[in-house]
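# Fold and geometry: a report
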Amino acid sequence: MPEPCDLLYTRGMNEAAVDILQSLGLQAGATLAGAWGAAGPLATTGATLASRSPTDGALLANVQEATVAEYDQVVADAQAAFAKWRTVPAPVRGGIVREMADEFRKHKAALGRIVTLEVGKIVAEGEGEIQEIIDIADFAVGLSRQLYGKTMHSERPNHRMYEQWQPLGVVGVISAFNFPAAVWAWNALVAAVCGDAIVWKPSRKAPLTAIACHQIAHRVLAKHGHAGLFGLVIGGDSDVGERMLADRRLPLISATGSTRMGRRAAEVVGQRLGRTLLELGGNNAVIVLDDADVDLAVRAILFGAVGTAGQRCTSIRRVIVQRGIAEVLTQRLVAAWQQVRIGDPLDAGTMMGPLIDEGSAVAVRTAIATAQATGAELLCGGTAVPGRGPTFMTPALLRSPRNLPLLREEVFGPMTHIVTVDSLDDAIALQNDSAHGLSSSIFTRDLRAAERFLSAVGSDCGIANVNIGTSGAEIGGAFGGEKDTGGGREAGSDSWKQYMRRQTSTINWSNELPLAQGIVFG
Ligand code: UN1
């Protein structure tokens, strides 16, 4: 029997959040459906999944997971909704996404707190995540009038060539715990204005956030007669997840998570010649040159490394510092690290909450021990937090030799290496010496150094910044990276093209039939 749910009225959940939960039918002891289709929640029959707060283990919700049969129903509903939605003019689709943006604006604080409760982000970051939904919604509304194709001059007389972008179909979205809401929205809201339907498989570590966000979008769609356009399926990786990857009804799978998961997705989706859009983490470095503004660098590195307890795919893992400034920077970082206020993420003033679960904390501690055993010096952190449970730890800062094997791996938590180098080119070489290629940045006042870092011989990452950190990207740019990061680009710029199919058309308005390449036939 599932335990009764504790609605957490006493733990800072505001009335709006309780309203949202109640509108989901969540009451003490209630179990939430882990699948939503055209009719709303399905009568799911899978196993019960408990959503627990990483802060103190409190039970937030019980979710009954979807089986493969229920997944199939959600996809069938999405297909039916797609058949109609693709005929709705794109700017009208944008108008409906605008209504979603209004709803998310209204519920920003409440949804942000659900994120905080469920994944342990501090309140500012929980709300920031919902703001990212609002931002991408606004972007998608504008985009709905800008799905531009090109026209070309034909080599044949009285012919016209052009391309146009058509809706793709039902898009599968697989998201991770660390951005349990925003990454869904990057995909879903852009895909929606493109004329697609969505089936979302969120992280099983954040099912409540997914249900809360999904049902807001569902209500807006249902009001306009498009219920089922967004589907939600909470289920296991080996059954529902594998079925989804192999499902030919989903022409595109957009997946965020580990490189291991991404490889599996690429393999299965590639086998059926489907498309993937992969965003798989990073091993991001900041380069700090001798002439850098140290105050700026310290603040940026602290947020980038310790923010979200180091659990962003864009988190700073490596600080590559030029020798002349290494000692000063190291001292400043140690001082900053020791002042990080760790505690309940709901409390104002907390800078770092818990890691997502005990397994993550153990993995980070094991990595610290491995680093120490292979030549790194632990400068501070990596310890338990007095009065807090096993998901909490103090952020670790290490001074590491440049040949430390662990420097090349992504450790998903608050663990940061400082490595000293002699020159800019040395720094760039070390920064690029990683399997991942997501985000990077440089701190310098030297225009020539900054431009070299941004040039073809500079950073090999999808994101390269100057005088800001590696995380906290705006939605307006294309987000993603190279190598083991997976190569996909989501959110802004022209990422929308991945959610559409391109059609090239040639129209002959003459009375002749000239052939291309000057061919004369018969
Ligand atoms: C992620 O960690 O998967 O740039 C996404 C950032 C956020 C998105 C991170 N806007 O840090």
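Check the entry above for the structure.
Below you will find a few notes about this structure. On a predicted model such as this, the values are computed, not experimentally measured, just so you know.

Rules of the game
Residues numbered from 1 in each chain as written. Predicted model: local features only at pLDDT ≥ 70, side-chain atom pairs only at ≥ 80, totals over all residues. Heavy atoms only, no water. Helix = DSSP H or I, 4+ residues; strand = E, 2+ residues; numbered from the N terminus. Buried < 20%, exposed > 50% of the residue type's maximum accessible area, 1.4 Å probe, protein only. Polar contact = N/O pair within 3.5 Å; in protein donor to acceptor, adjacent residues only side chain to side chain. Contact = heavy atoms within 4.5 Å. Near = heavy atom within 4 Å. Areas by Shrake-Rupley, 256 points an atom, 1.4 Å probe, with all protein chains shown as cover. Nonpolar A, V, L, I, M, F, W, Y, C, P; charged D, E, K, R; others polar. Domains from an automatic or database assignment. Axes fitted to C-alpha atoms, helices over the stretch in contact; angles between N-to-C directions. Parallel < 35°, antiparallel > 145°, perpendicular 65-115°, else oblique. Left-handed = near helix turned anticlockwise from the far one by under 90°. Pairing = 2+ DSSP bridges. Salt bridge = Lys/Arg side-chain N within 4 Å of Asp/Glu carboxyl O.

All right, on to the side chain of E163 then. Locating E163 in the fold gives a position in strand β7 (residues 159-167). With relative accessibility at 10%, the residue E163 sits in the buried group. Polar side-chain contacts of E163 include one of 3.2 Å to the side chain of R502. Setting aside residues up to four positions removed in sequence, E163 forms contacts with G149, K150, M152, R502, Q503 and T504.

Turning to the site of the ligand, a few remarks are in order. The environment of the ligand is made up of E132, N178, F179, W186, E279, R312, C313, T314, S471, G472, A473 and F479. One of the side-chain nitrogen or oxygen atoms of E279 is found 3.4 Å away from an oxygen atom of the ligand. Here A473 contributes a backbone N or O atom positioned 2.7 Å from an oxygen atom of the ligand. Across the complex, the protein chains shield 99% of the 330 Å² of accessible surface that the ligand would expose by itself. For the shell around the ligand, the per-class residue count stands at five nonpolar, four polar and three charged. Looking at which domains feed residues into the shell around the ligand, each of domain 1 (69-280 + 489-501) and domain 2 (284-476) gives three or more.

A few words on the packing of helix α3 (residues 90-106) against helix α5 (residues 123-143). At a minimum axis separation of 9 Å, α3 and α5 run at an interaxial angle of 160 degrees. Taken together, the axes of α3 and α5 lie roughly antiparallel to each other. Here α3 and α5 pass one another in a crossing that is left-handed. The residues of α5 that touch α3, namely those facing G94, V97, R98, A101, F104 and R105, are I130, I133, I134, A137, D138, A140 and V141. Broken down by class, the residue content of the contact of α3 with α5 amounts to nine nonpolar, one polar and three charged.

Right, let's talk about the sheet that holds strand β24 (residues 500-508) for a bit. One open sheet accounts for three strands, arranged β6-β7-β24; its pairing is antiparallel. Two strands lie at the open edges of the sheet, namely β6 (151-153) and β24, each paired on one side alone. Taking the axes of each pair of neighbouring strands and ignoring which way they run, one obtains an average angle of 20 degrees across the sheet. In terms of strand pairing, β7 meets β24 through nine bridges, oriented antiparallel.

To continue, consider unusual backbone geometry. Negative phi values dominate among residues other than glycine, just as trans dominates among peptide bonds. The phi angle at A309 is positive, at roughly 50 degrees, despite the residue not being glycine. Its location among the elements puts A309 in the loop between α10 (294-306) and β14 (316-322). Located in the positive-phi region is Q517, a residue other than glycine, with phi close to 60 degrees. Structurally, the position occupied by Q517 is in the segment after β24.

In a structure, side chains of opposite charge can pair up when their charged atoms sit close to one another. Under the counting rule described, the total for this entry stands at 28 salt bridges. A salt bridge links R243 to D72, with the nearest nitrogen and oxygen atoms 3.0 Å apart. Here D72 lies in helix α2 (residues 68-85) and R243 lies in helix α8 (residues 237-246), a separation of 171 residues in the sequence. On the basis of relative accessibility, which here comes to 22%, the residue D72 falls in the partly exposed class. Two residues, D138 and R105, come together in a salt bridge whose shortest N-O distance is 2.8 Å. With D138 in helix α5 and R105 in helix α3, this residue pair connects regions lying 33 residues apart in the sequence. In this structure R105 comes out as partly exposed when scored by relative accessible area, which is 42%. Sharing partners across several salt bridges, the network here consists of D72, R243, D247 and R249.

Glancing now at the pairing of strand β16 (residues 396-399). The pairing of strand β15 (residues 377-380) with β16 spans three bridges and is classified as antiparallel. Across the sheet, the residue bridging to L378 is L398, located in β16. Pairing analysis gives four bridges linking β16 to strand β17 (residues 415-421), with the strands arranged parallel. By the bridge assignment, A396 is partnered in β17 with M415.

Here we come to the environment of P180. Relative to the elements of secondary structure, P180 occurs in the loop between β8 (170-174) and α6 (182-194). Here P180 falls in the buried class, since its relative accessible area comes to 2%. Sequence-wise, P180 and A367 are 187 residues apart; in three dimensions their C-alpha atoms are separated by 25 Å. When residues no more than four places from it in sequence are discounted, the contact partners of P180 are V115, V119, K121, E129, W200, A206 and T209.

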